[in-house]
Amino acid sequence: MGGIRRAVFAALCAAGLSFATAPAMAGTTLKAVMHSDVKILDPIWTTAYIVRNFGYMIYDTLLAQDEKGDIKPQMVDKYEVSADGKTYTFTLREGLVWHDGNPVTSEDCAASIKRWGARDAMGQKMMSFVEAITPVDAKTFTIKLKEPTGLVLLGLSKPSSNVPFMMPKRVAETDPYKQIEDLTGSGPFVFVKDEWKPGDKTVFVKFDKYKPRSEPASGLAGGKVAHLDRVEWLAISDQQQAVNALQKGEIDMIEQPSHDLLDVLKKDPDITILNIPQLKAQYVFRPNWLQKPFDNPKIRQALWYAFNQEDFLMATIGSEDYIKECKALFICDTPFGSLAGTDGILTSNVKKAQELLKEAGYDGTPVVLMHSTDLKALTNLAPVAKSLMEKAGFKVDMQSMDWQTLVARRAKKDPPNAGGWHAFMTSWVTADVMNPVSAAYVNSSCDKASFGWPCDEKMEKLRDEFAREPDPAKQKAIAEAVQLRNIEMTQLIPLGEYLQPVALRKNVTGFLAAPAPVFWNLEKK
Amino acid sequence: MNMLAYIFRRLLQTIPVMLVVAVFIFLMLRLTPSDPAAIIAGDNATAEQVAQIRSQLGLDQPMLQQFVIWIGKVLHGDFGESFFFKKTVAELIGERIEPTLSLAFFTIVIAVLVAVPLGVLAAHRQGSWVDRLVMGFSVLGFSVPTFVVGYLLIYVFAVWLNWLPVQGYQHISDGIWGWAQRLILPALTLSVIYIALIARMTRASVLEVLSEDYIRTARAKGQIERRVLFRHALRNAAVPIVTVIGLGIALLIGGVVVTESLYTIPGLGRLTVDAVLARDYPTIQAVILLFSFTYVMINLAVDLTYTLLDPRIRY
């Protein structure tokens, strides 16, 4: 038996030595773990963030916002606005080609804007002002408006879902309600469809014929110079495993490392943690206006006094390094971020909340609060809300479910005892909630509004005014009025902001401060 | 001829089993409060957009009509197209079968090679420290969840000793060494529970056989102990052991779900998890049908193996 034991031990040692991991692949292949796997490939058909990120890899945009949020030309060489503000003329840059080698034309862009305008909420609003989009020659097209609006530039530079990505005319003419199958773009990377394995990896290679702008990259604007020959997005669903793989050098980047694992990564000298302000997110509470008691504005208003942001942020993110208490509806430190009207609210003034409930005649109807249990960033929100609401005098029926069940249930307008709901909480990335037109939960067009279906004529009037107003200073004043109206009517309640850091190996540099993670400008040494 | 008739009869019996599974999984998915259209549409989608997608997917049709369409296609070998991946379900399963088969093969080989000798050894040294050690390991193997074993092995062999990769899979066509290297930790993780199960059963069966007269006769004839154990005892104890191994292979179907997710192996287990999370009905239905069919076939194979191991068994 001793002989057998020795043989087994020797075999194990030999196996261990010979299986030593091979060194990481050299060259310019960057392996990243994104927040989700790529399953759908049409960034106009869905608003999922991973598909938006996919879009930024292979498509380009006419305009783009730089690091400060200023709108800059991207595929466009120059644009002019007529004196009456009703005609925009865009001229494309020279040398832009599709991945199949054909030149990018004004007809392609006109068709792409129309398809985006049919699907995107902001695009639809913009298109309601548009009389015609007309190609003038191969490189020039005009957008003629029925009346002036500030939405043309804001819309065409929209940084988040749905982004107005440019596609070849033959692709852009696909029914907006059907997914495209031809994934020819003109962006700095080409999608390698043959290597795409959903649930495993998504592969891109550098587009050699891409012609970057001459300006340095800034945000989503400037020169999109691809330094990487190949980018692989790997689907590692287990966060701990992603961290292990990053520490070992098997991958180069984690787009959204879990906050509780950041301390482990911080201690590793080979890892860089980046806090990108543009990747900030905002927690929100969404009441359902259709159902009693939240059909009563005064009862909804009691929530502003029941809640405080610190409790939510500490329960979910847990570190002061990554949170910011901010009562602004349109995100602090962004062009329309304002603290107007926020004094005294979100301070857990229980007495005031109780008074409001009493004045409103709250009869103790239990509030069905949907609790998402499987997404770490959201799991602890509902228990905190329940506790704070109960202190204020609400009766709360917190119902736990996975996020996808919540997504299905929130679309139901039925009463809560028949499968409907009263409230849920979620988070939005900065880029989606920076103004009254793009912020979906501010939309108060009753049946046409997002889940929760707020119905508020005055709010819709303000949003229309914002859309019509081309002057940014006046837009800011309207955005403030929207914020005040939201505090009065409670379309949503902002519950604080948090940073979502990016983790990179030290040898990866050039990550851009932008509202979406992009891979141009990134270098791997 | 009897045997062929038996196999034919058993194959016929799979038809109602598969039909029940099909009805059950179809109803379970439709009655669960979920909506693939809402998931596909994304957070910014309006109710109209969600409704439009629901209509495109045919989910606005009456449930019976949806079932008839689906089962009709399945009977023609068409499992439909994934809601999400724009690929046929058959194509998706085809891509994922190699990693799962590889993992299952590695696991069962490790489990049998380790567990059977351990079980025989424990029976041979009944009551000794070796027996207690094997049985102690067996209890531990049953008790510790797969993901805990997985994290432990990853920490020791991948992070600390740096001998093996943390995660991932390499197709066999890209090199047998890389393929094997990436399967060692997942297979070890998954095999722990089967080693425990098979070792216990082997020990119990061998112990029972060791008290038989013919073992005493073999020893009296002066045969060496190894021959007595492996030729006489193990062979006659094989029927229950093969049953457990067969069950183990069938149970692997469940085990690969956790292990593949942990080690990022793009197999059928991960496909199942992804499909369930995304409520990808066509994929879930096809994978569950495939798993059920595999389960039935393994049971048939185990039953047939009995006749090879014990000539007294006839069907």
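Note that the coordinates shown come from a computational prediction; the quantities given were computed from them, not determined experimentally.

**Student:** Please set out the overall build of chain A residue by residue, giving values where relevant.
**Tutor:** A count of helices and strands for chain A gives 16 helices and 21 strands. Relative to a compact globule of 525 residues, whose C-alpha radius of gyration would be 24 Å, chain A shows 25 Å and is just as compact. Overall size of chain A, expressed as C-alpha extent along the three principal axes, is 80 × 80 × 40 Å. If you take every contact in chain A between residues at least 6 apart in sequence, the share linking residues at least 24 apart comes to 70%.

**Student:** So what's going on with the overall build of chain B? Which residues, and what values?
**Tutor:** The helix and strand tally for chain B stands at 13 helices and 0 strands. With respect to the three principal axes, the spread of C-alpha positions in chain B is 85 × 60 × 35 Å. The proportion of buried residues among the 315 residues of chain B is 39%. A sequence separation of at least 24 residues applies to 71% of the contacts in chain B between residues at least 6 apart.

**Student:** Which residues make up the sheet that holds strand β6 (residues 130-135) of chain A, and what values do they have?
**Tutor:** All names here are of chain A. Ordered by their spatial adjacency, 4 strands build an open sheet running β4-β5-β7-β6, and the pairing between neighbours is antiparallel. Edge strands, defined here as strands with exactly one partner in the open sheet, are β4 (76-81) and β6. Sheet twist, expressed as the mean angle between neighbouring strand axes with direction ignored, is 15°. For β6 and strand β7 (residues 140-145), the ladder comprises 5 bridges, and the chain directions are antiparallel. Following the sheet pairing, proline 135 is matched in β7 by phenylalanine 141. Along the sheet, helix α3 (residues 106-119) contacts β5 (87-92), β6 and β7; its crossing angle with β6, the most-contacted strand, is approximately 155°.

**Student:** Could you give an account of the packing of helix α12 (residues 268-278) of chain B against helix α13 (residues 281-309) of chain B, naming the residues involved and the relevant values?
**Tutor:** Two quantities define a packed helix pair, namely the angle between the helix axes and the distance between the axes. All names here are of chain B. As a packed pair, α12 and α13 sit with axes 9 Å apart at the nearest point and diverge in direction by 140°. Relative to α13, α12 is oriented oblique. Crossing angle aside, the handedness with which α12 passes α13 is left-handed. Contacts from Leu268, Leu271, Thr272, Ala275 and Val276 of α12 reach α13 at Thr283, Ile284 and Val287. Across the contact of α12 with α13, the residue classes break down as 6 nonpolar, 2 polar and no charged.

**Student:** Please give an account of the interface of chain A and chain B that cites residues and values.
**Tutor:** Across the contact, 37 residues belong to chain A and 42 residues belong to chain B. A per-class count over the side of chain A that touches chain B returns 14 nonpolar, 13 polar and 10 charged.

**Student:** Please set out the packing of helix α1 (residues 2-31) of chain B against α13 of chain B residue by residue, giving values where relevant.
**Tutor:** All names here are of chain B. α13 packs onto α1 with a crossing angle of 150° between their chain directions and a minimal axis gap of 10 Å. Here α1 is positioned roughly antiparallel relative to α13, judged by the angle of their axes. The hand of the α1/α13 crossing is right-handed. Contacts from Arg10, Thr14, Val17, Met18, Val21, Ala22, Ile25, Phe26 and Leu29 in α1 reach Tyr281, Ile284, Gln285, Ile288, Leu289, Ser292, Phe293, Val296 and Leu300 in α13. Each residue belonging to the contact of α1 with α13 can be placed in one class, and the counts come to 14 nonpolar, 3 polar and 1 charged.

**Student:** Any details on the sheet that holds strand β9 (residues 201-206) of chain A? Residues and values, ideally.
**Tutor:** Residues and elements named next belong to chain A. Taken in spatial order, the 7 strands of this open sheet run β8-β9-β10-β1-β11-β19-β12, and their pairing is mixed. Edge positions in the open sheet fall to β8 (189-191) and β12 (271-274), since each of these has one partner strand only. Taken strand by strand, helix α2 (residues 49-58) contacts β8 and β9, and its axis lies near 120° from that of β8.

**Student:** Give a detailed account of the confidence of the model for chain B, specifying residues and quantitative values.
**Tutor:** Put simply, chain B has an average pLDDT of 87, and 98% of its residues get 70 or more. Predicted complex metrics record ipTM = 0.76 and pTM = 0.82.

**Student:** Residue-level account of the environment of valine 20 of chain B, with values.
**Tutor:** When you line up the elements, valine 20 of chain B lands in helix α1. Put simply, valine 20 of chain B and isoleucine 93 of chain B are 73 residues apart on the chain and 22 Å apart in space, counted from C-alpha to C-alpha.

**Student:** Give a description of unusual backbone geometry that names residues and reports values.
**Tutor:** The step from serine 161 of chain A to asparagine 162 of chain A runs through a cis peptide bond, and the omega angle for that step is -15°. A cis amide bond links lysine 292 of chain A with the next residue in sequence, proline 293 of chain A, at an omega value of 10°. Inspection of the secondary structure puts proline 293 of chain A in the loop between β13 (281-287) and α9 (297-306). Of note in the backbone geometry, leucine 346 of chain A takes a positive phi value of approximately 55° without being a glycine. Looking at the secondary structure, you find leucine 346 of chain A in the loop between β14 (323-324) and α11 (350-360). Phi angles above zero are rare outside glycine, and asparagine 162 of chain B is one such case at about 60°.

Procedures and definitions
- Residues numbered from 1 in each chain as written.
- Chains lettered and ligands numbered in written order.
- Predicted model: local features only at pLDDT ≥ 70, side-chain atom pairs only at ≥ 80, totals over all residues.
- Helix = DSSP H or I, 4+ residues; strand = E, 2+ residues; numbered from the N terminus.
- Rg over C-alpha atoms; globule rule 2.2 N^0.38 Å.
- Contact = placed C-beta atoms within 7 Å.
- Buried ≥ 20, exposed ≤ 12 C-beta atoms within 10 Å, placed from the backbone.
- Pairing = 2+ DSSP bridges.
- Axes fitted to C-alpha atoms, helices over the stretch in contact; angles between N-to-C directions.
- Parallel < 35°, antiparallel > 145°, perpendicular 65-115°, else oblique.
- Left-handed = near helix turned anticlockwise from the far one by under 90°.
- Nonpolar A, V, L, I, M, F, W, Y, C, P; charged D, E, K, R; others polar.
- pLDDT = per-residue confidence, 0-100.

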